[in-house]
Amino acid sequence: MAANYNRPKPIDPIWYRQGCYLRIQCACGRRVVAPLGDFARSRRISFDTCIYELIARLRCSQCRRKPYADVSRNRSGN
């Protein structure tokens, strides 16, 4: 099987996928879609951080639970 370089991988650093979108959804109903680079820059997260490390640190700003998050090249989905 050939590698798919268009699909963002969790191991990718933020700098490599900064043009992609971070989609966050919590069980309480809160949803956020933001460009990955802008999200990291506004929160002063190092661009060397891997995407999976960023996702593991996320918490919902309303209920403080751990939300579901993924990264996509398109704003609406893959």
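Parameters and conventions
- Residues numbered from 1 in each chain as written.
- Predicted model: local features only at pLDDT ≥ 70, side-chain atom pairs only at ≥ 80, totals over all residues.
- Heavy atoms only, no water.
- Pairing = 2+ DSSP bridges.
- Helix = DSSP H or I, 4+ residues; strand = E, 2+ residues; numbered from the N terminus.
- Axes fitted to C-alpha atoms, helices over the stretch in contact; angles between N-to-C directions.
- Buried < 20%, exposed > 50% of the residue type's maximum accessible area, 1.4 Å probe, protein only.
- Contact = heavy atoms within 4.5 Å.
- Polar contact = N/O pair within 3.5 Å; in protein donor to acceptor, adjacent residues only side chain to side chain.

(A) Focus on the sheet that holds strand S1 (residues 21–25). Reading across the sheet, the three strands line up as S2-S1-S3 and stay open at both edges, with antiparallel pairing between neighbours. Since the sheet does not close on itself, it has two edges, and those belong to strand S2 (31–35) and strand S3 (68–72), each with one partner. Geometrically, the sheet is characterised by an average inter-axis angle of 15° between neighbouring strands, direction not taken into account. Summarising the sheet, S1 and S3 pair through five bridges and their orientation is antiparallel. Following the sheet pairing, Arg-23 is matched in S3 by Asp-70.

(B) Local environment of the environment of Ala-69. Structurally, Ala-69 can be placed in strand S3. Here Ala-69 falls in the buried class, since its relative accessible area comes to 11%. Once you skip the residues sitting within four places of it in the chain, Ala-69 turns out to touch Leu-22, Arg-23, Ile-24, Ile-55 and Leu-58.

(C) Inspection of the pairing of S1 at higher detail. Where S1 lies against S2, five bridges are found, and the strand directions are antiparallel. Each residue of the ladder has a partner; that of Gln-25, found in S2, is Arg-31.

(D) Local environment of the side chain of Asp-12. Within the secondary structure, Asp-12 is located in the segment before S1. On the basis of relative accessible area, Asp-12 is assigned to the buried category, the value being 9%. Reaching out from Asp-12, the side chain makes a polar contact with the side chain of Arg-17 at a distance of 2.9 Å.

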